[in-house]
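Analysis of the macromolecular model
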Amino acid sequence: MPDNTVNKSLQSNKLIWYFLLGWTLLNIIQACTLELQGDEAYYWMYSRYLDWGYFDHPPMVALFIRIGDSIMHNELGLRLLTVLASSASVYLLWLTLKQYAVDALAFILVTSGLFIFHIYGFTTTPDSPLFFFTVLFYYLYQQYIQNNKWGLAALLGITIACLLYSKYNGILVVGFTLLANLKLLKRGTFWGIVVIAVALYVPHIIWQASHGYPSINYHLYERSADKYSFLNTFSYLPGQLLMAGPLIGWFLFYKAYTIKIKDAFIRCLLVNCLGTLLFFFISSAKGEVQPQWTFILFAPLVMLVPIHFKQQGGWPKWLLPLAVVNVSIIIIVRVIVISGVGFAKTYGHLKSYYGFKEWAYLVKQKAGDNYVVMSEGFQNPSKYNYYTNSLRCFAYDDRFYRVTQFDIWPMEDSIQHKRVYYLSGKPIKDLTKDTIKIEAGKWYGNWVDDVRTYQKIIIATDSLKITTHPGEITNFDLTITNPYTHAISFSDTGYTHPVKLEYCFFKENALVDVKEAKDTYKKISLQPGESIHYTFPVTSPLEKGNFSLLFSLRTEPFIGSKNSRVIKITVK
């Protein structure tokens, strides 16, 4: 190798290492100084209950957090593996691109300018391990194309399993890669990859089956919007351009999609980048597509652009100053978020990063060692548990919300017949004793004696979609199942708070009608795992239109839990 080529390679590596050092330090600073976002605290809860699966996601994020949190219980500890994985991902991307002799400065300009890299360079969600294993997959796949060896096949099988253990959309990486190179089907080692990946993934499949496939039901059915929203589709592409860089995103996508396909690996990158973008564009017809869902497409994007620059002999002169301004804007935003000044504490999701450490302390002062119950989603209860380093706060998932992992964990059992501190968003007559008002928000404290809840009771129906007429009575054959490890009874004898079995009609998320069943249900008692059939006559709304129906068990002072799946009702 000529001396000038060696020197250029050394200079490039030196530049990359300087960039990695700066990138890692910036992410460490942000990880140390910023409070947890609600989802991060929720995933910390995952790490307290390690399992092969969870309601929302596979378990890799729980393992990431468990390792870091075992080293130090603070924000940096929770985010430690994410910070390290982010830097490792950037380095693996560079190693993968070395075969194409791309310019190091071009690689740094593209990588540092991707807004989504900055967000998930320190934020610990399932997207963090997903991206790392996506990059590792491409690194190994590039070698596997050239060397059909069993060792590489085994590593790819393990990596694919890790992809799927990180987040379900990791299957897109595998699917689009195969689509780009169907000749792989002729390799014996390819089928070895399949066997290894599936074998390693079997424990998660078993977990899903044993819990009634909650993730499949949630992601494919519960999250789907009732009707098409043009706004979801219209905002999708601008959101992706923003994630690619506020000033240069458009140019990066243009260069990626106009690259010349000169080998199988470039074809793989292009099919993945374009296929993922189109997949989620189509998905926008069923509901909102959050920008981070496409995180996996930015791995091929960040490789395609420098390769295209190399193919055309360089990049436009105007790109350098624009890219510098682009990354400067992003860094300024990061500094504002770190310091908590300006719009940071009032804008959208950003405000959830501030004030909750103090909030948890104040709630703890009120509640003492008693259990705390909240009915405002899973995020704030998880934050309380994290900042008190306990598992003393239970999220009551009411009929207005959705099912979460709190409906699976054994936490609800611990509060039965106990005195708990119930934190609500509105005051409750004759119950509210405290008001907690800080910069993060306002809450009302209520003491509840002899708690009684049935959040885990499963109420199943034969149909999830029916058509009726105004005022028509439909007899629903309910299958009521007791998943608890103890017997339950709907009799009110021995309880302070009576239980009520109700049906609820919603229209566009607004409650329009609630009716209680006849008191014959009070005779129901079930042993652990036992089921019983109960007929519940439901009167359709007098108004024509589309409604959602669910069955709920309510005990004062709680609003009522979401015990059945949503039934779509069309009143004609």
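Only a predicted model underlies this, so the values are computations on that prediction, with no experimental measurement involved.

Each helix and strand counted, the protein chain has 18 helices and 15 strands in total. A compact globule built from 572 residues should have a C-alpha radius of gyration of about 25 Å, and the protein chain, at 26 Å, falls within 12% of that. Expressed along its principal axes, the backbone C-alpha trace of the protein chain runs to roughly 90 × 55 × 45 Å. Relative to its 572 residues, the protein chain shows a buried fraction of 53%. Restricting to contacts in the protein chain with at least 6 residues of sequence separation, those with at least 24 account for 75%. A total of about 25300 Å² of accessible surface is found on the protein chain, and carbon and sulfur atoms cover 62% of it. Where the 52 positive side-chain charges of the protein chain centre and where its 39 negative ones centre are 10 Å apart.

Running from N to C, helix α13 (residues 249-257) and helix α15 (residues 298-311) cross one another at 75°; their axes reach a closest spacing of 8 Å. Here α13 is positioned roughly perpendicular relative to α15, judged by the angle of their axes. On the side of α13, the interface is formed by F251, L252, F253, K255 and A256, while α15 contributes F298, L301, L304, V305, H308 and F309.

Formed by 86 residues in total, the largest nonpolar core has its most connected members in F117, Y138, Y144, F298 and L301. Sequence-distant contacts of F117, that is, excluding residues within four places in its chain, are made with W23, L93, T111, F131, F295, F298 and V302.

Looking now at the sheet that holds strand β4 (residues 432-438). One open sheet holds the 5 strands; their spatial order is β2-β1-β3-β5-β4, and the pairing between them is mixed. The open sheet has two free edges, formed respectively by β2 (393-395) and β4, since each of these has just one partner strand. Geometrically, the sheet is characterised by an average inter-axis angle of 25° between neighbouring strands, direction not taken into account. Across 5 bridges, the pairing between strand β3 (residues 420-424) and strand β5 (residues 441-448) is antiparallel. Bridged to V420 within β5 is V448. This element, helix α17 (residues 356-367), spans β1 (372-374), β3, β4 and β5 of the sheet and lies at about 160° to β4.

The next thing to look at is α15. In this model α15 runs 20 Å from its N-terminal to its C-terminal C-alpha over 14 residues, within 8% of the 20 Å that 1.5 Å per residue would give. Extensive coverage of α15 is indicated by the burial of 12 of its 14 residues. Residues F298, A299, P300, L301, V302, M303, L304, V305, P306, I307, H308 and F309 constitute the buried set of α15. Two residues or fewer past α15, G313 is found with a positive phi of approximately 85°.

Applying the stated criterion across every chain, the model contains 54 aromatic pairs. Judged by centre distance (6.2 Å) and plane angle (75°), the ring pair of Y46 and W409 falls under edge-to-face. Of this pair, Y46 sits in helix α2 (residues 38-48) while W409 sits in the loop between β2 and β3, and the two are 363 residues apart along the sequence. A single burial state applies to Y46 and to W409, both of which are buried. Consider the rings of W250 and F251, whose centres lie 5.6 Å apart with planes at 70°: the pair is edge-to-face.

Right, let's talk about the pattern of salt bridges for a bit. According to the stated counting rule, one finds 16 salt bridges in the structure shown. Ionic pairing is found between R48 and D69, a salt bridge with its closest N-O pair at 3.4 Å. A residue pair is termed long-range when its members are at least 10 positions apart, and R48 in helix α2 and D69 in helix α3 (residues 60-71) qualify at 21 residues. Residue classification places R48 among the partly exposed positions, given a relative accessible area of 28%. We note a salt bridge from E75 to K357, for which the minimum N-O separation is 3.4 Å. Of this pair, E75 sits in helix α4 (residues 75-97) while K357 sits in helix α17, and the two are 282 residues apart along the sequence. Note on E75: relative accessible area 7%, which makes it buried. K357 sits in the partly exposed class, given a relative accessible area of 42%.

Before going further, it helps to spend a moment on the sheet that holds strand β8 (residues 473-481). One open sheet holds the 3 strands; their spatial order is β6-β8-β13, and the pairing between them is antiparallel. Of all strands in the sheet, those bounded by a partner on one side alone are β6 (458-460) and β13 (531-539). If you compare each strand with its neighbour and ignore which way they point, the axes differ by 35° on average. Bridge count for β8 against β13 is 9 bridges, and the pairing is antiparallel. In the sheet register, N475 faces β13, and the bridge partner there is P537.

So, about empty space enclosed by the protein. Rolled over the atoms, a probe sized like a water molecule indicates the empty space that remains. In this structure the tally under the stated criterion is 3 cavities of 30 Å³ or more. Its volume calculated, the largest cavity comes out at about 100 Å³. Lining the largest cavity are W23, T82, A85, S86, S89, V90, F117, Y120, G121, S128, F131 and F295. Elements represented by at least two residues in the lining of the largest cavity include exactly α4 and α7 (127-146). Counting residues per element, the lining of the largest cavity draws most heavily on α4, at 5 residues. Around the second largest cavity sit A106, L109, V110, I248, L252, F309, L319 and A323, which together line it. Of all the secondary-structure elements, those providing two or more residues to the lining of the second largest cavity are α5 (104-113) and α16 (319-339). When residues of the lining of the second largest cavity are assigned to their parent elements, the largest contribution, 3 residues, is made by α5. Of the residues contributing to the lining of the second largest cavity, the split by class is 8 nonpolar, no polar and no charged.

Both β6 and β8 contribute to a ladder of 3 bridges, which runs antiparallel. The residue of β8 that forms the bridge with I459 is I480.

Scoring rules and cut-offs
As a convention, each chain's residues are numbered from 1 in the sequence order in which they are written. Only residues with pLDDT of at least 70 get local features here, since the model is predicted, and only at 80 or more are side-chain atom pairs given and counted; chain-wide, interface and lining totals rely on the full set of residues. Water and hydrogen atoms play no part in the side-chain values, which are based on all heavy atoms of the structure. Only DSSP runs of H or I reaching four residues or more are called helices, and only runs of E reaching two or more are called strands; each is numbered from the N terminus. The reference for a compact globule is 2.2 Å times residues^0.38; the radius of gyration itself is calculated from the C-alpha atoms. The buried label goes to any residue with under 20% of its type's maximum accessible area, the exposed label to any with over 50%, and the partly exposed label to all in between, with areas taken from a 1.4 Å probe on protein chains only. Two residues qualify as a contact provided that any one of their heavy atoms is within 4.5 Å of a heavy atom in the partner residue. Residue burial considers only the protein chains on display, and all accessible areas are found by Shrake-Rupley using a 1.4 Å probe. Positive charges come from Lys and Arg, negative ones from Asp and Glu, while His and the chain ends are left out of the count. For this purpose, a charge sits on NZ of Lys, CZ of Arg, CG of Asp or CD of Glu. Here an axis means a line fitted to C-alpha atoms, over the contact stretch when the element is a helix, while the angle between two N-to-C directions is reported on a 0 to 180 degree scale. The scheme is simple: roughly parallel for angles under 35 degrees, roughly antiparallel for over 145, roughly perpendicular for 65 to 115, oblique for anything else. Think of a nonpolar core as a cluster: buried Ala, Val, Leu, Ile, Met, Phe, Trp, Tyr and Cys residues, connected wherever their side-chain atoms sit within 4.5 Å. At least two DSSP bridges between two strands are needed for those strands to be called paired. To estimate the expected span of a helix, count its residues, drop one, and scale the result by 1.5 Å. Within 6.5 Å between ring centres, the rings of Phe, Tyr and Trp (the latter by its six-membered ring) count as paired, and their orientation is classed by plane angle as stacked under 30 degrees, edge-to-face over 60, tilted in between. Note on definitions: salt bridges are taken to be side-chain nitrogens of Lys or Arg within 4 Å of carboxyl oxygens of Asp or Glu. Definitions used for this entry: grid spacing 1 Å over protein atoms alone; cavity, a set of points where a 1.4 Å probe fits but cannot get out; pocket, an open set with protein on both sides within 12 Å along at least 5 of 7 lines; lining residue, one with an atom within 4 Å of a point. Grid points are joined across faces, edges and corners, and a volume is the space filled by probe spheres set on the points. Ten residue types, Ala, Val, Leu, Ile, Met, Phe, Trp, Tyr, Cys and Pro, are classed as nonpolar, four, Asp, Glu, Lys and Arg, as charged, and the remainder, Gly among them, as polar.

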